[in-house]
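Structural description and commentary
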There are 4 protein chains.
Amino acid sequence: MADLGYIGLGTMGGRMAVRLLANGHRVTGYNRTRARAQPLVDHGLQLAGSPRAVVEAADVTFVMVSDSAALNAVADGRDGHDGFIAGVAPGKTVIDMSTVSPALSRALAARVRERGGEMLDAPVSGSVLTLEQGKLSIMVGGDRAAFDRVRPLLEDIGPTVTYVGGNGLAVAMKIATNISVAVQMLAFAEGVALAEKSGIARDTAVGVMTRSAIGSPMLQYRGPFVLQMPDNAWFSTDMMQKDLLLALEMGRQLQVPLPTTAAANEWLTAARAMGLGERDFAAVFQALERAAGVQS
Amino acid sequence: MADLGYIGLGTMGGRMAVRLLANGHRVTGYNRTRARAQPLVDHGLQLAGSPRAVVEAADVTFVMVSDSAALNAVADGRDGHDGFIAGVAPGKTVIDMSTVSPALSRALAARVRERGGEMLDAPVSGSVLTLEQGKLSIMVGGDRAAFDRVRPLLEDIGPTVTYVGGNGLAVAMKIATNISVAVQMLAFAEGVALAEKSGIARDTAVGVMTRSAIGSPMLQYRGPFVLQMPDNAWFSTDMMQKDLLLALEMGRQLQVPLPTTAAANEWLTAARAMGLGERDFAAVFQALERAAGVQS
Amino acid sequence: MADLGYIGLGTMGGRMAVRLLANGHRVTGYNRTRARAQPLVDHGLQLAGSPRAVVEAADVTFVMVSDSAALNAVADGRDGHDGFIAGVAPGKTVIDMSTVSPALSRALAARVRERGGEMLDAPVSGSVLTLEQGKLSIMVGGDRAAFDRVRPLLEDIGPTVTYVGGNGLAVAMKIATNISVAVQMLAFAEGVALAEKSGIARDTAVGVMTRSAIGSPMLQYRGPFVLQMPDNAWFSTDMMQKDLLLALEMGRQLQVPLPTTAAANEWLTAARAMGLGERDFAAVFQALERAAGVQS
Amino acid sequence: MADLGYIGLGTMGGRMAVRLLANGHRVTGYNRTRARAQPLVDHGLQLAGSPRAVVEAADVTFVMVSDSAALNAVADGRDGHDGFIAGVAPGKTVIDMSTVSPALSRALAARVRERGGEMLDAPVSGSVLTLEQGKLSIMVGGDRAAFDRVRPLLEDIGPTVTYVGGNGLAVAMKIATNISVAVQMLAFAEGVALAEKSGIARDTAVGVMTRSAIGSPMLQYRGPFVLQMPDNAWFSTDMMQKDLLLALEMGRQLQVPLPTTAAANEWLTAARAMGLGERDFAAVFQALERAAGVQS
């Protein structure tokens, strides 16, 4: 049993906190919108008034927020006084599970280290469903010894835990992987649209393709969305484009041409322009069908 | 036991003929280059002098050649007299497993039907490895009753057999699926290159990505090719581009924009320009690395 | 004054024939749809019954048809007997102004040469307007001596005449140039859409851009089409895509990656899918605006 | 004669300051690297110690720096005290000629207005050559009355001055136009590479294309760079990509798909990866040729 903290109790973060509580840990939590975190109190969560207070109460603190701006906000807090950085002291560990740029991740890790703590970047690959099925995969970047200390905690959350290398490399790995999430979906959509206009029933096309050699786990659960879009996005077009932007920005800095990433990104823009930004990014299929003159 | 024929005894066709012989069928075969088919005689294959002679000797004849030109050549033969069309008579069935355009497939099916026979298009999804593991997937287009008659034979070859619809629709389905084969590989290559230039070891990147939600069966066996290219192509860059051309041509005729297909196709061109046309199309990774200034 | 022939008396061909008649030449003509050529008889044109008859009556015969199929049709005629090839004899020259593949052009030139004649490929750059303004530019490929003999005739049609090299090289040059026609239009459309969504009036954006360093002659006359589409296409989306296909096919054969050509081609497909195939290809702007969620 | 200021005395800025001095104005200047501005003192320029001091000494101050970071640096100065904002008082006008995002331009204009001044964004279209030939084109955004007051000064710099609309719209217009600068160059490069591999001499291809309907002024001066790259970049690959990033970022925010921009951007990345970042961006031709397997 350990004294843990969790900053950012949204859809994913909240479920992880519950999982940690269920494994017998004490968890102190913080969420910008306090009301959203209230239900977790029934599971035994202790709510704190600031990210700083969470880190002060915990040995190991998890962070999971939606983007760079949100991460900077919880890192520095209001006026720079009550963010999580201010709570760091020797022996404390921060595990950031947000998907942000490797550069930001490295910069925060350096600030944590200056105060005697350690930060790891530990983005997850997978969705709420994957988490609930206990199949989450976690990549970890940072100090190897720090990783070895917190490894059992990470294994409590998702069974697969892979150490990738130094600070920032796990988010780099996540971003490099997410390229394929978006591009595979668009290439799949191109195939379905082509099959459909050839005269093949859409559900036949989806079935054949997801069962074939191209049927990645991602396509197996998201491919059928082109038959029936879920009411709630699992991962929205807006969020997917945020990840592609991180990839494209890394591509430019590291000088790696990313031709299919760039092409897919423009179609995510088209989907957003058609009002599909908050739908699951499988909506890129609808954008393509409209460009193909199909009403749907 | 049935009287079967096999026209086109190359890498895939030859193995299928052996499989049919092993299942106790009589098989008459034809190959343009007769010498390449000689080893099959040891397995019990009867060699015929023309595609026409094969169809005349068999109730059901399989065809598997590399492209439209080769298919036309075996359909019409020398001077139009000894091709397989000329051998068709009432009751005969031709099963074409080649990947050609739906339009050509439909045109040949119509000519077979005029002579009282039936033709099915039955392209396969999978490689030599998949075939040898007994995991091949076959899609079938054409007359439903004809399909029901030959279904057991198709199940002897690959266990998964899916009826897609009328003539030409199975090749359409195959082409629509193959888009993702090429595009997934390039998107994967972009991710590996990005991870590598970030400082992650290439084999770590390949391992993490193929085990993640984007790890389709195709990427699980072909992804590691970026670590070590096979001496012999499983499916060459030249052949992959041939399939993309069929897709792009269908996209234009059916008016479906294919943005990632078009982008991937130009990188296959780059790979061929760099002398990688006969390598496995995973070589698109090498083309990308060279464009990224990496010597490999 | 010379005995000339003109095969293919459509929008461009008809006007050129009139121009040649006005310069005092005798012109024998042929058009597949005879009625469309009738008005030219009033200008002094002699109508012949077949492409062969035209070549037999003329020393130098111009050909201008819409694509490869049409060129093969007038080359071989019905049953191969009354096409223009059959009319070729020593001393005859054929000047093909159609935009077809360099390979087809070279093949026909070889057949003409076998019969003792010479063929030149002489595609034009420019539109009906350019022709009427006397500003047409003609590129010429083929035997240098043959070019020198007919040069004055070509100068009667368009003032700028450039010898490019051997057979097929002028159509190659035309196709290579036309890439930029399509791509420049789409890049311009992207800029106008971006400016407009920024809050700049569309006509201001068009004015600034066409007067700037990117204002090619093509954009100066076609750019304003995004403000008001002409009722009749100067060059339709369907025709523009036909030219891009020739370019993409050459790119694959010669192994030259064509990234912007491929991207533009898919947007021409989208425009066609939206029902804009017969509109001027400036309609690619409308396709882009619809994908950007703008009603227009 | 007016009291003018000039912040940012680089290649373009320095030449403009000389032009203003030559027209009889008093000019106070500031450059981060003071030594680079020293030669201008011989032309009569008064050097000031900070951007703030420039604005305090002048009625109208021009600013021309290379990017957003540099603009923020001269706006706020060291510790926020000696930047140009701090020098603004009622009646002062700032004319920013830098190419930055419309959002940054609007934000700075608001801060200038709060202090009683006016800011205009006035990016230029054209190069050092265009400036020296007296053919520069200037777009202006901001308050109309302020524009009318400074118009004569702008006309002293470049003859063509166009009022585009409110603050930020001139930089938006510049960015929207620059898309075509990059894309036209790459499409031209594709055409030259295709012509060359067809067997046409490179200089013939360049000549034919730049004289044809696609020959924009930009291609007329930069197209020949593919025959002989200039020793000094007129506009480097690095700088060109900076402009494309602004365009792509605007495209995402305003939801305008930019397919050819995105494709061209990845080839600028390839050119940089090949070590051509500081060469003129016409180097994208060399990147394409290398991908096409051509040694150059």
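Residues numbered from 1 in each chain as written. Chains lettered and ligands numbered in written order. Predicted model: local features only at pLDDT ≥ 70, side-chain atom pairs only at ≥ 80, totals over all residues.

Regarding the overall build of chain A
- Of regular secondary structure, chain A possesses 14 helices and nine strands.
- Its C-alpha atoms give chain A a radius of gyration of 20 Å, near enough to 19 Å, the size a compact globule of 296 residues would have.
- The principal-axis extent of the C-alpha atoms belonging to chain A is close to 65 × 45 × 35 Å.
- Each of the 296 residues in chain A was classed as buried or not, and the buried ones make up 59%.
- Taking contacts inside chain A between residues at least 6 apart in sequence as the whole, the part at least 24 apart equals 62%. (Helix = DSSP H or I, 4+ residues; strand = E, 2+ residues; numbered from the N terminus. Rg over C-alpha atoms; globule rule 2.2 N^0.38 Å. Buried ≥ 20, exposed ≤ 12 C-beta atoms within 10 Å, placed from the backbone. Contact = placed C-beta atoms within 7 Å.)

Considerations on the interface of chain A and chain B
- On the side of chain B, 59 residues touch chain A, which itself brings 59 residues to the contact.
- Looking at the side of chain A that touches chain B, the elements that each hand over two or more residues are strand E8 (137-141), strand E9 (160-165), helix H9 (169-198), helix H10 (202-211), helix H11 (217-222), helix H12 (237-254), helix H13 (259-273) and helix H14 (284-291) of chain A.
- With 20 residues, the top contributor of residues to the side of chain A that touches chain B is H9(A).
- Class assignment for the residues of the side of chain A that touches chain B results in 37 nonpolar, 20 polar and two charged. (Nonpolar A, V, L, I, M, F, W, Y, C, P; charged D, E, K, R; others polar.)

Observations concerning the relation of the copies chain C and chain D
- The two copies are related by a screw motion: chain C maps onto chain D through a turn of 180° and a shift of 0.0 Å along the axis, at an RMSD of 0.0 Å. Here the two chains are linked by the operation of a two-fold rotation axis. Taking C-alpha positions as reference, the residue of chain C nearest the rotation axis is C:Ser216, located at 1.8 Å.
- Most of the interface of chain C is mirrored in chain D, where 100% of its interface residues are also at the interface. (Least-squares fit on C-alpha atoms with pLDDT ≥ 70 in both.)

What about the interface of chain C and chain D?
- Contacts between chain C and chain D engage 59 residues on the former and 59 residues on the latter.
- Secondary-structure elements contributing two or more residues to the side of chain C that touches chain D are strand E8 (137-141), strand E9 (160-165), helix H9 (169-198), helix H10 (202-211), helix H11 (217-222), helix H12 (237-254), helix H13 (259-273) and helix H14 (284-291) of chain C.
- At 20 residues, H9(C) tops the list of elements feeding residues into the side of chain C that touches chain D.
- Looking at the side of chain C that touches chain D residue by residue, the class counts come to 37 nonpolar, 20 polar and two charged.

Details of unusual backbone geometry
- Here C:Gln255, not a glycine, exhibits a phi torsion of approximately 60°, which is positive.
- Residue C:Gln255 is classed as buried on the basis of its C-beta count, with 21 C-beta atoms lying within 10 Å.

Quick look at the packing of helix H12 (residues 237-254) of chain D against helix H13 (residues 259-273) of chain D
Residues and elements named next belong to chain D.
- Remark: H12 packs on H13, axes separated minimally by 10 Å, with the N-to-C direction vectors making an angle of 150°. Here H13 runs roughly antiparallel to H12, going by the angle between their axes. Handedness of the crossing formed by H12 with H13: left-handed. Between H12 and H13, the contacting residues are Thr-237, Asp-238, Met-240, Gln-241, Leu-244, Ala-247 and Leu-248 on the first element and Thr-261, Ala-262, Ala-264, Asn-265, Leu-268, Ala-271 and Arg-272 on the second.
- Class assignment for the residues of the contact of H12 with H13 results in eight nonpolar, four polar and two charged. (Axes fitted to C-alpha atoms, helices over the stretch in contact; angles between N-to-C directions. Parallel < 35°, antiparallel > 145°, perpendicular 65-115°, else oblique. Left-handed = near helix turned anticlockwise from the far one by under 90°.)

Observations regarding H9(C)
- In a regular helix each residue adds 1.5 Å, so 30 residues correspond to 44 Å; H9(C) covers 44 Å between its end C-alpha atoms and thus fits that length.
- Positive phi appears at C:Gly199, one or two residues downstream of H9(C), with a value of about 115°. (Expected span 1.5 Å × (residues − 1).)

Describing the domain arrangement of chain A
All names here are of chain A.
- Under the domain assignment, chain A is made up of domain 1 (3-167) and domain 2 (178-291).
- Here domain 1 and domain 2 have C-alpha centroids that lie 29 Å from each other.
- Tallying the contact residues gives six residues for domain 1 and seven residues for domain 2.
- Split by residue class, the side of domain 1 that touches domain 2 holds two nonpolar, three polar and one charged. (Domains from an automatic or database assignment.)

Digging into helix H1 (residues 11-22) of chain A
Residues and elements named next belong to chain A.
- Taking 1.5 Å as the rise per residue, H1 with twelve residues should run 16 Å; its terminal C-alpha atoms sit 17 Å apart, in good agreement.
- Residues Gly-13, Gly-14, Met-16, Ala-17 and Leu-20 constitute the buried set of H1. One side of H1 holds all its buried residues, which, seen down the axis, span an arc of 165°.
- Among the structural elements, strand E1 (3-7), strand E2 (26-30), helix H2 (34-41), strand E4 (60-63) and helix H8 (144-157) are those in contact with the buried residues of H1.
- Looking one or two residues past H1, Gly-24 carries a phi angle of roughly 95°, positive in sign. (Arc of directions from axis to C-beta.)

A few points about the pairing of strand E4 (residues 60-63) of chain D
Residues and elements named next belong to chain D.
- Burial along E4 is two-sided: the face carrying Val-60 and Phe-62 and the face carrying Thr-61 and Val-63 are both buried.
- Note that strand E1 (residues 3-7) and E4 share four bridges and pair parallel. When the sheet's bridge partners are listed, Ile-7 is paired in E4 with Val-63.
- As paired elements, E4 and strand E5 (residues 93-96) share four bridges and run parallel to each other. Each bridged residue has a counterpart across the sheet, and for Phe-62 the counterpart in E5 is Ile-95. (Pairing = 2+ DSSP bridges.)

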